[in-house]
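Spelled out from the first residue to the last, the chains are:
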Amino acid sequence: MTIFAVVVSRLSKAILTLLAIAILNFFLIHAAPGDPAVVLAGEAGAADEQMIEQLRERFGLDQPLYVQLGKYVAGIVQLDLGYSFRQGAPVAELIADRLPATLLLTLTAFVVSLVLGIAFGVAAAARVGKPSDTVLTTMALLFYATPLYWLALMAVLVFSVWFGWLPGFGYETVGANYTGLERVLDIGSHLILPALTLGLFFTAVYMRMARASMLEVSQLDFVKTAKAKGLSDAVIRRRHILRNAILPVVTLAGLQAGQLVGGAVLTETVFAWPGIGRLMFESLAARDYNTILGVFLVSAAMVILFNIVTDIVYRIVDPRIGARS
Amino acid sequence: MSATLTIERLTIGLPEGADRPFAVENVSFDIDKGQILCVVGESGSGKSMTANALMGLLPQGVEVKSGRAMFEARDVLRLPEVEKQALRGAQIAMIFQEPMTALNPLMRIGDQISEVFAAHGLYTQSERRKRALDLVREVGLPDPEKIIRAYPFQLSGGQRQRAMIAMALALEPKLLIADEPTTALDVTTQAQILKLILDLRKKRGMAVMFITHDFGVVAEIADQVIVMREGKVVERGDAASVLDNPQHDYTKRLLDAIPTGKLPEARELSDTPALEIKNLRKTFRTGGGLFKPVREVHAVDDVSLTVSRGEVLGLVGESGSGKSTLGRTAVRLVTPDGGHVMVGGVDLAALTEEELRRQRNKVQMVFQDPYASLNPRQRIMSALTDGPINRGVPKEKAQAKAKELLEIVGLGPDAAMRYPHEFSGGQRQRIGIARALAMEPELIIADEAVSALDVSIQAQVLDLLRDLRERLSLSILFITHDLRVAAQLCDRIAVMQKGKLVEIGRVDEIFLSPKQEYTRQLLAAVPGADWAQTEEVPA
Amino acid sequence: MWKRFRSNMGAMIGVVLLLSVIVIAMIAPLIFSDGPWQMVQRPFLAPFAVDGLPLGTDTLGRNVAAQLAYGARVSLLVGLVSTVVALLIGVPLGALAGFYGGYVDEGAMRFTEFFQTIPNFALAIVLVAIFEPTLTSITIAIAIVSWPPVARLVRAEVMSVRTREFVDAARLAGLSKPRILIQQVLPNTVSPIIVMASLMVATAILLESSLSFLGLGDPNSMSWGYMIGAARTVIRTSWWLSFFPGIAIVITVLALNLIGEGLNDAFNPHLSRKGKA
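Model, not experiment: these values are computed from the prediction. (Residues numbered from 1 in each chain as written. Chains lettered and ligands numbered in written order. Predicted model: local features only at pLDDT ≥ 70, side-chain atom pairs only at ≥ 80, totals over all residues.)

Q: Would you mind going over the overall build of chain B with me for this structure?
A: Along the backbone of chain B there are 20 helices and 20 strands. Taking 24 Å as the expected radius of gyration for a compact globule of 539 residues, we find that chain B reaches 26 Å, a close match to that expectation. Considering only C-alpha atoms, chain B reaches an extent of 70 × 60 × 55 Å along its principal axes. Taken across its 539 residues, chain B has 48% of its residues classed as buried. By sequence separation, contacts in chain B at least 24 residues apart represent 69% of the contacts at least 6 residues apart. (Helix = DSSP H or I, 4+ residues; strand = E, 2+ residues; numbered from the N terminus. Rg over C-alpha atoms; globule rule 2.2 N^0.38 Å. Buried ≥ 20, exposed ≤ 12 C-beta atoms within 10 Å, placed from the backbone. Contact = placed C-beta atoms within 7 Å.)

Q: It is not clear to me how the overall build of chain A should be interpreted in this structure. Could you clarify?
A: The helix and strand inventory of chain A stands at 13 helices and 2 strands. In terms of principal-axis extent, the alpha carbons of chain A reach across some 80 × 60 × 40 Å. Out of the 325 residues belonging to chain A, those deemed buried represent 45%. Long-range contacts, defined as pairs at least 24 residues apart, comprise 71% of the intrachain contacts of chain A with a sequence gap of at least 6.

Q: I tried to follow helix 1 (residues 3-31) of chain A on my own but got confused; where do I start?
A: In a regular helix each residue adds 1.5 Å, so 29 residues correspond to 42 Å; helix 1 of chain A covers 41 Å between its end C-alpha atoms and thus fits that length. Buried within helix 1 of chain A are the following residues: Thr17, Ile21, Ala22, Asn25, Phe26 and Leu28 of chain A. Where the residues of helix 1 of chain A are buried, they touch helix 4 (65-77) and helix 12 (289-317) of chain A together with helix 4 (102-117) and helix 5 (120-130) of chain C. (Expected span 1.5 Å × (residues − 1).)

Q: Sorry, what's going on with the interface of chain B and chain C here?
A: Reports of interface size often rely on the accessible area that becomes lost once the parts have come together. Chain B puts 30 residues into the contact, and the matching count from chain C is 19 residues. Mapped onto the side of chain B that touches chain C, the elements with two or more residues apiece are helix 12 (353-359), strand 16 (363-366) and helix 13 (380-391) of chain B. Considering each element in turn, the side of chain B that touches chain C owes the most residues, 4 residues, to helix 13 of chain B. Grouping the amino acids of the side of chain B that touches chain C by side-chain chemistry returns 14 nonpolar, 8 polar and 8 charged. (Nonpolar A, V, L, I, M, F, W, Y, C, P; charged D, E, K, R; others polar.)

Q: What exactly am I supposed to notice about the UniProt feature "domain: ABC transporter" (unreviewed entry) in chain B here?
A: Look at the UniProt record and you will see "domain: ABC transporter" (unreviewed entry) annotated at residues 5-255 and 275-523 of chain B. A distance of 27 Å separates the end C-alpha atoms of residues 5-255 of chain B, which is 38% helix and 25% strand. (UniProt positions renumbered as here; feature names shortened; annotations may be inferred.)

Given below as structure tokens:
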């Protein structure tokens, strides 16, 4: 299969998945206790009688279920994710405003954790059984057990409140009106703590995988062949073990992307990071279900995107997949 | 002649908790320039450990305790790591048993060869490429330009082993260590690789330490032989004298297992068929997705044959010949696409799933892998009684029968209450045979039933089968890739190639006057066995 | 097997830690008979400031130590029950997919993949938010987002066991397919499932605490995540209110992970000890 064919088949599958999630959303609204119209409008009295009537008409709530489903899905296909009565804006617009911040945060955290995780994992595997390996694996074990929102809070406490080294709140300095490079640096300094605290848990995950994978591959026959050729251990590790060991880590990292996107809700909540996770948190308190479900759909789309990208990377790196016909 | 390598009183220690203290004990031998020394032994004899010690490739916890290995006036066992590294691949090279896993799957063949030059800091990039190309040509790989750009998965097993040899020869080593390099290959491929090693030895004059379990291979290539058992050398000498006049009992037993020129006498066969296979077909289809073309493999292509009551019919062929599929189709583990499998008046191929379950006992199977063919979480007793009880045999009767059968296969009734892991490979195969017999079948299909066993164990299991054949007048379809094994047990032999039946006939007919070219090729490739020679005694 | 587990120091530390948490959870009503919601002193007392309140009081003057002890009950309960429910979904689905293959497998795996693509924490939030936060809805939501890896693991294990020759032997013995699956195949997949289950309890505890942190906890049950969430706004002044529940979570989750790893090493000795001849 060519890369192009892969992309086409993965994209068509992605669209089907998103449609299925839309259908799931529809049934969730109906499964929720209470009148679907009220659910859609958002509770806490944000909608008056007239508005609810409008909703009933618009979604055909008096018509059979399948008609309603059709209308709902048709709306989503046209990127209509409904209207947030709490915020007084279409959900799609709310999400579009917040998406860049989330993408910046999750992508940074993903890249940082993958790079650090693999680097630490490889380093630990090279020193297996030695004190430095023990230190690294113990650290990984600890971070693997640490709730990331709590880690975020502690980081704010230490680096922001006590030491005052880094901002622990928001996306950029409010009212500073930086431009150009200054703005980039400002956002960057705001990004450090959220990205690191979100990434540390995944760094631990990837490090454990990378270490285990390195050790497993180093037991394979071809490593013995390489040694018999007279290659040095360093070269064997770099040229033979590393590539074979990292491939499965990259695939698994792609699969873990869902957790990373989910974790962003917590990180954004702690750091008041203006992304879709924070939007979801705000909507929870307001019971703004339209927005919650919208964010849910979009975050699933993000995960699918992560998966497709890692899949393509995998196919480029591994000659066995593309060439086999 | 000067010795390339001299090993003196080599002892290698195993980690604590192993089944014996030393992997290799007090082993001494020489290999002269241009000579091939075969180190023969069964698994666990320490033959591979000796090789790994020379290369500095011993696993963790295993270490050289004493002795030396003099190579070019230096003791290679005690060189500093840097010097060992310089020696490996350049002066001493090694090839391994599993060509499928011994190459890096993500690296092109050419790169894996040039890497040897790079490791020793030789030549420029383009020079390395040119030399890699020459080597690929020298080991007889087709289309060298294409091969050096190929990845290992695109090569066959034999081609990969040639690529391994190319790597090993890159720097013209003085000593080549070959650790069972042909064991994983088909006979015809094995014959080609052996010939290649002989040719290269002649051309380059290097010494070869060739590790094998197979005396047939020894007969093909050895100048000198040492036989190892449990870490010690039990016999040594030049090839001819060890093969013709072995001194040690163990060597004699191993040699007995290879029946060169000893064909069993033809027995009278009954006319009643136990199994009739008529026009059997099975085609496997793979792929067929949106982007994948359908691939069809005719695994069994219109095969008909008969096994008489009390007969052992050998079914031989190389991997991919369809012999296993034929066996699995005959027991209906695989449902055929067409044809009939007649056993005791019933066509197994035509039964529905439900009817089949009630007729299952008619044909039973003994499997290849003694470690996978018994459920590790089930006692031997239930493995032997599940089937009979399911058929409606009362529990007590089934259990009594199971104990009796365990006795018959030489294990004793106590075995019934134990778990599989308490038994050795050979014992497990006996249990597998008892399990098949417990179903009171009309026919047993033995699918490579002795292939995973060491030669001496193999001989014992074959003895058991021969004994059962006499005692119970058992009918057996004996599937094997090994013609020598087939010759020891079978009344008739059927040869398969690419899903088709090539030839079928009495053992002596097949071995002494084969009619088909493919059968002749197959026989010629069998190492160390020249069937016709011993028969055609000049008048 | 048990001997290998016992000689693993990490695993034994895990067992001791987990047992301590379990004991604290069990005796919580005995030592803190007032329950976790009772106001006992003035708010914001620092640890050890007043006798009998070793961890101080929270924003409403409640005993933090009592809250921690009761929180352990919720964490362990939700962690355990949701894992059991996830196994009840994942094991049969994975077993059927792996054993029968073909369209059954295709269908089951598409379904599993779908659930695996959905960001699991976001789905848990949606489910709990829509069905109102109660212990039941939280447990079920966590189970719903946790079963896909179980199904995949069981499928892979069953597929590998299915190709072993003893399964063919069982077919030749005339045993029915369901019987072969249950009696011959599944018992050989138990060890990896046990390892995964112990790690899943840990993940479930993290998920539960995260939901509670966002305010999606059962309002009638004290939980560690809720404690951290409630103290978030006062972290500048009373950091210990967030600190101790976090430590409790780390200890419990760490203990379960250590046990899981110990079990894994004990089941697969060849992976942990190399170089046997």
